[in-house]
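Spelled out from the first residue to the last, the chains are:
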Amino acid sequence: MTAGGVPGSGHLAVGVALVCAGTAAWMVSGSNTAARRARLLFAGGGAAARGGPPPWERFVLRVRRLPVEWWSVAVGAVIALLGTSLLPLAAGAVGVPVVRRVRRAREAARAREARGEAVIALCGALAGEVRAGRQPGEALLRAARDSGGLGEAQAAVLAAARFGGDVPGSLADAARQPGADGLSGLAACWRVAVDRGAGLAAGLDRLEAALRAERDQRADLRAQLAGARSTAVLLAGLPVLGLLLGTALGAHPLHVLLHTGAGLACLVVGGVLEGAGLWWALRIVRGAEAA
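Now for a look at the structure at hand. (Residues numbered from 1 in each chain as written. Predicted model: local features only at pLDDT ≥ 70, side-chain atom pairs only at ≥ 80, totals over all residues. Heavy atoms only, no water.)

**Comments concerning the overall build of the protein**
Threshold: Only DSSP runs of H or I reaching four residues or more are called helices, and only runs of E reaching two or more are called strands; each is numbered from the N terminus. With a 1.4 Å probe rolled over the protein chains alone, any residue whose accessible area is under 20% of its type maximum counts as buried; one over 50% counts as exposed, and the rest are partly exposed. What makes two residues a contact is simply this: any of their non-hydrogen atoms within 4.5 Å. Here the Shrake-Rupley method, with its probe set to 1.4 Å, supplies the accessible areas, and only the displayed protein chains count as covering residues.
Helix and strand counts for the protein come out as 14 helices and zero strands. Considering the protein as a whole, with its 291 residues, one finds that 25% of them fall into the buried category. For the protein, the share of sequence-separated contacts (at least 6 apart) that also reach a separation of at least 24 residues comes to 57%. With the model as given, the accessible surface of the protein reaches about 18,000 Å², and the carbon-plus-sulfur share is 66%.

**Remarks on the pattern of salt bridges**
This is how it is decided: Put simply, a salt bridge is a Lys or Arg side-chain nitrogen that is within 4 Å of an Asp or Glu carboxyl oxygen.
Applying the stated criterion across every chain, the model contains 13 salt bridges. Ionic pairing is found between Glu138 and Arg142, a salt bridge with its closest N-O pair at 3.6 Å. You can see Glu138 and its partner Arg142 sitting in helix H7 (residues 136-147), four residues apart, about one turn around the helix. On the basis of relative accessible area, Arg142 is assigned to the partly exposed category, the value being 30%.

**With respect to a nonpolar patch on the surface**
To keep things clear, this is the line we draw: Only residues whose relative accessible area exceeds 30% and that take part in no salt bridge are eligible for patches, with like-charged residues grouped when within 9 Å of each other and nonpolar side chains (Val, Leu, Ile, Met, Phe, Trp, Tyr) grouped when within 5 Å.
Nonpolar side chains collect at one region of the surface, where Leu235, Leu238, Val240, Leu241, Leu244 and Leu245 lie side by side and expose about 570 Å² of accessible area between them. Considering each element in turn, the nonpolar patch owes the most residues, five residues, to helix H12 (residues 238-248). Within the secondary structure, Leu244 is located in helix H12. Owing to a relative accessible area of 55%, Leu244 belongs among the exposed residues under this scheme.

**Considerations on helix H8 (residues 154-162)**
We count it as follows: Arc definition: it is the arc formed by the directions from the helix axis to the C-beta atoms.
Buried within H8 we find Val157, Leu158, Ala160 and Ala161. The arc that holds every buried residue of H8, seen down its axis, measures 160 degrees, which confines them to one face. One or two positions beyond H8, positive phi appears at Gly164, with a value near 75 degrees.

**Regarding the environment of Thr84**
This is how the line gets drawn: What qualifies as a polar contact is a pair of N or O atoms within 3.5 Å, subject to a donor-acceptor requirement within protein and to the restriction that residues adjacent in sequence count only when both atoms come from side chains.
Examined against the element boundaries, Thr84 turns out to sit in the loop between helix H5 (71-83) and helix H6 (87-131). The spatial distance from the C-alpha of Thr84 to the C-alpha of His255 is 8.1 Å, given a sequence separation of 171 residues. Engagement of the side chain of Thr84 in a polar contact is seen with the side chain of His259, the distance being 3.2 Å.

**A look at the packing of helix H11 (residues 200-236) against helix H14 (residues 261-290)**
Put simply, the rule is: For helices, the axis comes from a line fit to the C-alpha atoms of the stretch in contact; other axes are also lines fit to C-alpha atoms, and the angle between any two N-to-C directions lies between 0 and 180 degrees. Should an angle fall under 35 degrees it is called roughly parallel, over 145 degrees roughly antiparallel, and 65 to 115 degrees roughly perpendicular, with every other angle called oblique. The classification used treats Ala, Val, Leu, Ile, Met, Phe, Trp, Tyr, Cys and Pro as nonpolar, Asp, Glu, Lys and Arg as charged, and all other residues, Gly among them, as polar.
Closest axis-to-axis distance for the H11/H14 pair is 10 Å, and the angle between their directions is 180 degrees. Our classification of the angle between H11 and H14 gives roughly antiparallel. Contacts between H11 and H14 pair Leu221, Arg222, Leu225, Ala228, Arg229, Ala232, Val233, Leu235 and Ala236 from the former with Glu274, Leu278, Ala281, Leu282, Val285, Ala288 and Glu289 from the latter. Across the contact of H11 with H14, the residue classes break down as 12 nonpolar, no polar and four charged.

**Considerations on unusual backbone geometry**
Not every positive phi belongs to a glycine, and Thr84 is a case in point at roughly 50 degrees. Classification of Thr84 as partly exposed rests on a relative accessible area of 44%. Within the chain, His252 stands out as a residue other than glycine whose phi angle is a positive 55 degrees. Position of His252 relative to the elements: it lies in the loop between H12 and helix H13 (253-259). Judged by its relative accessible area of 25%, His252 falls in the partly exposed class.

**Looking at the packing of H6 against H11**
Definition in use: Whether a crossing is left-handed or right-handed is set by the direction in which the near helix is turned from the far one by less than a right angle, anticlockwise for left-handed and clockwise for right-handed.
Their axes nearest at 9 Å, the elements H6 and H11 cross at an angle of 155 degrees. One way to sum up the angle between H6 and H11 is to call them roughly antiparallel. In this structure, H6 meets H11 at a crossing whose hand is left-handed. Here H6 contributes Glu113, Glu117, Val119, Ile120, Cys123, Gly124, Leu126, Ala127, Val130 and Arg131 to the contact with H11, which in turn contributes Leu200, Ala201, Leu204, Asp205, Leu207, Glu208, Leu211, Arg212, Arg215, Arg218 and Arg222. For the contact of H6 with H11, the per-class residue count stands at 11 nonpolar, one polar and nine charged.

The structure is reproduced here in C-alpha cells:
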C-alpha cells in the first residue's frame, strides 16, 4: 500500500477475506454433507471412512453447532480487526447474554405456539374418540397418546384418567403451562359432562372451534404487526449502512468513532439512543400483540 493509499484498507481486505472464507466453508460443508455420507456408505471402508472428515470440515461443523449468541463475539472481532480497537470485541462479548435472552425468548414463544396447537389437536382427537363410543377416560388415553397436548403434565393426567382420579383437577394443573390455556376449557367440559351428564363431544367441538378462532386471530394480528416490527429493525440498521457508505467514500468512520474522544462520545450516546428506540418500538408491538 502506498503512502497516498486509503488507511485501513489492508485491514478491510483482511476482514472481507475472512468473511468470504467463512461463508465459502459454510457452503461447502453444507453442500458436501450428502456426498460424504454416500462415500461412507458405498466406499467400503476407504480413507474417508477411516479418518472421518478433514480437520477444517470438523472445525466448520463445530462452529455451526455454536449457539447464535456467540456470533456477536465473531462480529465484534471482525469490527475490532477493521477498526484496530478492542472496544468492538468487548461490546460483542457484552452482547452475548442479550442475544442469548432474545434467542431463549423466541424458543419459548415457539414452544408456546406448539403447545397451543397440540391442545387444539387433543380436543379434536378426544371429541372423535368420544363420538366413536369410547368412555371419556379411555378416549383421553388414546387422544393424549397421539397428540401430546398435555406436555409435562401428561403422566399425571393419564394416571388420573386410568385409575379414576381427579381428571379435571389434573387438566387445570396442566393448563398452567405456557400455551396450554385451552386445557382449562377442557377441564370445564369434562366436569360438566361428568357431573351433569352433558354431551362431552359437543362441548369439545365448541372448545376446539373457539381455540382455533383465537389462534387465527393471533396469527392475523401478528401478520398486521409484522410491517411495524420490520420497519423498526430496518431503521435500527441504518447506522450500519451509514458506516459502510462512509468507509466506501474514504471517510474512515471506524477510526473516528474508536480513536477520537468526540467519536467515542457519539458512539456511546448513539448506541444508547439506538438501543432505547429499538426496545421502545418492539415494546409497543409486543403490547399490541398482548392486547
